[in-house]
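Coordinates in review
Here is what each chain is made of, one letter per residue.
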Amino acid sequence: MPTPPVSDARTPSARRDLWLSALVCLGPLLWFASLGALYALSTHECGTQVPTRSWLLWSLASAACALVTLLSWRERRHAAGQAPDTSATKAKRVRFMQEAALGLNALCLVLLLGFVVPLLGLRPCD
Amino acid sequence: MSAELASRPAHQHASNEASLLASWQNPVRGLRGFFSEVDHKVLGKRYLITALIFFVAGGLEALAMRLQLARPEQTLLSADLYDQVFTTHGSTMMFLFAVPVMSGLGLYVVPLMIGTRNTAFPRLAAFSYYTYALGGLLLYVSFLLNMGPDTGWFAYVPLSGPDYAPGKRVDVWAQMITFTEISALALAVNMIVTIFKHRAPGLSLDRMPLFVWAILVQSFMIVFAMPAVALGSLMLAADRLIGTHFFNYGEGGDVLLWQHLFWFFGHPEVYIIFVPAVGMMSTLIISATRREIFGYPALVLSTVATGFIGFGVWLHHMFATGIPQLSSSFFTATSVLITIPTGTQFFCWIASLWGARIRFHIHTLYILSFFAVFMLGGITGVMLASVPIDLQVHDTFFVVAHLHYVLIGGAVFPLLGGVYYWFPKFTGRLLDERLGHWQFWSFFVGFNLVFFPMHLLGLRGMPRRVFTYPAQRGFESLNLLATLGALVLAVSVLLLLVNLWRSARRGRLAGDDPWASDTLEWGTSSPPPPFNFRDPPTVSSRHPLWTRATSEPIVRGLRDDRSEVLVTRLLDAEPDHRTELPGPTLWPLWVALGTGVMFVVAIFTPWGIVIGGVLTGAALVGWYWPRVPFKEELAPEQPRSSRLDSAEVAARNEARSEQDEAAALRRAEPEPPFLEVGHLPTEAFGHRAPLWWGVSGLMAIESTVFALLIVGYFYLRDRALDWPPTPLPARNFWLASTAVACLMVSCLPQHVSTQGAHKGSLRRMRWGLSLSTLLGASFWGLRYYELQTLPFRWDSHAHGSLFWFLSGLHMSHGLTSCVENLLLLCVLWRGPVEEKHLVDVAVGGFYWYFVVASGVLVHAVLYLDPKAFPF
């Protein structure tokens, strides 16, 4: 019987990396989920012709995306002081991921804000 | 880096090329050697050549269509043949050329670019290739037998349904789609894991070449987009062959469900083709300007953003289906805003070229022409994202012009540039420049002559997908012009073929790095040896070959006598452990053939699923079955057998003595520092293991399939007046609940076996796996009995179809997991148990939890949905 292979114990930096990776994906996932939900809701709201639920959903999604963008911005701003022991290579990679998170989340916020135009200008079943 | 950085005497560590060659080269020749090959370079070349053959076939079909449309009322092709030709042309170009050629190029180049010796799953790469080739063969054999599909590459229902398309033509198409998508999915998972886990030490995410980023994004897009069309084509085949009602409006189905499924794949497909081209553009621009690209982070971000946003634009293909305007407008907004990442890429490239001393090779011409051609396709794309314009030009030649400007302009132009750029890497020879100039200019002129007039034809109202048109409608001259352009384009492709053929044999020798490029694939010989790098490199910048100092460490400590590679960590590419890759084998071919039998025979009888399933399953068992490695099995026979002839043995001995001399010379030189990895473990658990990532990829694909089916369930449920038409009996609810409870309880013994693997306890693993398999089998038996007692079947109504489909799909997962557990038990009882089997047990447990979670979800959807709740 062979000896067991090495374990996969996580280090604190692995947890931080996980958080950073999640931050990169959060905005796009929020945007995609809200797009699908807005599409489904707009068909459902044909009866009332008042897109109240769509507005509510849009507001929630936009607020959540704004929050995620803010978190990404804070993450990037406080990057330097958080991990003084990290190597230069790792620090550069972390900064790269922080920039990616900020950029992607900001772009998704723009996409979500773009949805306000049809919500303002059209009724559900025009 | 966590591995030890040291400098030791060379003779202890110098990689022995002869032994590397023996470990990495396929020792078998002839047909068996051909079909057992697992080298990524060989398979990549096969992908490229096969895709080129399909490109020529698709091109000839396009030429036939253009000749037919050159004049009004032509009779060169009958209406029926024209339908077959345009469907085969579209299906070929989208499924058999565009995606496979990009993936094939990635398969060849990416492992070299990231400094590894093969892909993470070499046998899976072989399986991908055979599946792809067989899928293409199926389409073309049926086409030659006058059974070619004739409902367009999109196969809209009800036109492609059983009522309007009798016969087997659509079945062939549907099976071919599922078949080739399996191939693309397998390769995508392979590429993701290779990029995640096999990068050279130091090649962190922020240093990855842009082409590698592009292939990574493309692979993720494939994982989440292609299940939609594979599922859709399975449902279409089921509607036609076993009488389900997914798309039958009369029985609760919906034809628009097909369009949603198809375009949820179809639009990302455009980006699946375009994104690798973006990576090629960046690579070629860096090479042409010999300086760092402008805005690397912005380019990566744009590529990733395109990957994400590409999934939110599918509805713009359905603007003419009567969807409410508010719904459409969200997709208009997204379709317009996707220009932000594309625009960012354009500006970064222009800034990179600005003020640079550009080296004009053929591939530089393709870069520059891309800007003009793709820009036009992009602008018409923004026009088509607007609902009023889309409704005006829908189904006209304007759309044909747009899609060809996007796909040829956006993908084929960079691809051809890429062919000129990487051809020396494939063959060690340069393509002929003079012939290349002729080829480029004829391609550029021919392309614009064919497709630019189509914008005008579309605006004048000429519909697409018609086999002829009446005279005196103002279409004649533009059609004739387009046909002349098609002839010029055909000449250009012919020149390309001649150039490829001649240069591969008699082209000018290129040397190892003819373009003085910056990425690692040029850091080895051209063409590369079977082991890619004698000493695997380390990386300390984005341009490793430009910044490589003499003190750059190389990787030492990997075994030369085995096909061992280094596994690194995902984000920073720090050395993590070593792993041995499997060698040449015929099993991937047998599995692909078994799958082929399943899909082809199923066209004629549902028993095909059973027959093919058994064959595939048996081949998979053979694939997995632990045995003496292929090469070790052959080694004692070699002196006696004819597998290696005496000339080859002499050649190898000669090569070995030359290598020994070279090694002796190297010993005299000062030894570069190296990164010692010999002390690293040979396996790892959890997310550190490539297998864990491979299974995660599989789970991502299957989760997408389940999610789409569940969304489809609620989509049809919301549109149906009575759902379910036949009430669910309470007895079945209890049976199904008991079955799911068994499955949930099985997590406990499975956890015990996983813990046993971590602790190296054989007893725990055996008991855990035995009990969980028993509980899994109980689940399966109970659900089987429950399905038998249902008051409806799959062909009763759409609810029945979805009920059986979801249940059957999940049960097949349960069965697969049980078989997998049984196999592991065989290994644990029979031995010898190696470290990799412990990882197999742990990863098998991980997959088991997924099967349990999906079982609970399926049960909740089918029985706890308030509309279907039986109480």
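The structure this text deals with has already been given above.
Residues numbered from 1 in each chain as written. Chains lettered and ligands numbered in written order. Predicted model: local features only at pLDDT ≥ 70, side-chain atom pairs only at ≥ 80, totals over all residues. Heavy atoms only, no water.

Observations concerning the overall build of chain B
The condition that has to hold: Runs of E in the DSSP output that reach at least two residues are strands. Runs of H or I that reach at least four are helices, and both are numbered from the N terminus. The criterion used for residue contact is that any of the two residues' heavy atoms lie within 4.5 Å. All accessible areas in this document rest on Shrake-Rupley with a 1.4 Å probe, and a residue is counted as covered only by the protein chains that are shown. All tallies of charge rest on Lys and Arg as positive and Asp and Glu as negative; His and the ends of each chain are not included. In plain terms, the charge of a residue is placed at NZ if it is Lys, CZ if Arg, CG if Asp and CD if Glu.
In terms of helices and strands, chain B carries 28 helices and 5 strands. Based on the C-alpha atoms only, the size of chain B along its principal axes is roughly 80 × 70 × 50 Å. Pairs at least 24 apart in sequence give 83% of the contacts found in chain B among residues at least 6 apart. With an accessible surface of roughly 32100 Å², chain B has 67% of that area assigned to carbon and sulfur atoms. Here chain B contributes 60 positive and 59 negative side-chain charges, whose respective centroids are spaced 2 Å apart.

Quick notes on the pairing of strand β3 (residues 564-568) of chain B
So the rule is basically this: Any residue under 20% of the maximum accessible area for its type is buried, any over 50% is exposed, and the rest in between are partly exposed; the area is computed with a 1.4 Å probe on protein chains only.
Counting buried positions along β3 of chain B yields 5 of 5 residues, so the element is predominantly enclosed. Side chains of β3 of chain B alternate between two faces, with Glu-564, Leu-566 and Thr-568 of chain B and Val-565 and Val-567 of chain B buried alike.

Some thoughts on the nonpolar core
Residue and element names in this part refer to chain B. As a reminder, the rule being used: Take the buried residues of types Ala, Val, Leu, Ile, Met, Phe, Trp, Tyr and Cys, join any two whose side-chain atoms come within 4.5 Å, and each joined set is a nonpolar core.
Residues Trp-173, Trp-349 and Trp-422 are the most contacted members of the largest nonpolar core, which totals 268 residues. With 22 residues, helix α9 (residues 255-289) is the single largest residue contributor to this core. Here Trp-422 is in contact with Leu-105, Val-109, Met-113, Phe-211, Met-280, Thr-283, Glu-521 and Trp-522, once residues within four sequence places are set aside. The next biggest cluster of nonpolar side chains, apart from the first, holds 8 residues, and it includes Ala-739, Phe-779, Cys-818 and Val-852.

Some points on the packing of aromatic side chains
Residue and element names in this part refer to chain B. We apply this condition: In summary, the pairing rule links any two rings of Phe, Tyr or Trp, Trp by its six-membered ring, whose centres are within 6.5 Å, and it sorts them by plane angle into stacked for under 30 degrees, edge-to-face for over 60 and tilted for everything else. When the NZ atom of lysine or the CZ atom of arginine is within 6 Å of a ring's centre and also within 35 degrees of its normal, the charge is said to sit over that ring.
Per the stated rule, a full pass over the model turns up 78 aromatic pairs over all chains. Ring geometry for Phe-247 against Trp-258: centres 5.8 Å apart, planes inclined by 85 degrees, an arrangement best described as edge-to-face. One end of the pair, Phe-247, is in the loop between α8 (210-241) and α9; the other, Trp-258, is in helix α9, and 11 residues separate them in sequence. Residue Phe-247 is classed as buried on the basis of its relative accessible area of 6%. Linked through ring pairs, Phe-95, Trp-153, Trp-173, Phe-246, Phe-247, Trp-258, Phe-262, Trp-263, Phe-265 and Phe-805 together constitute an aromatic cluster. A cation sits over an aromatic face here: Arg-556 above Phe-674, 5.3 Å from the ring centre. Across the ring face of Trp-794, the terminal group of Arg-793 is positioned such that the distance to the ring centre comes to 4.3 Å.

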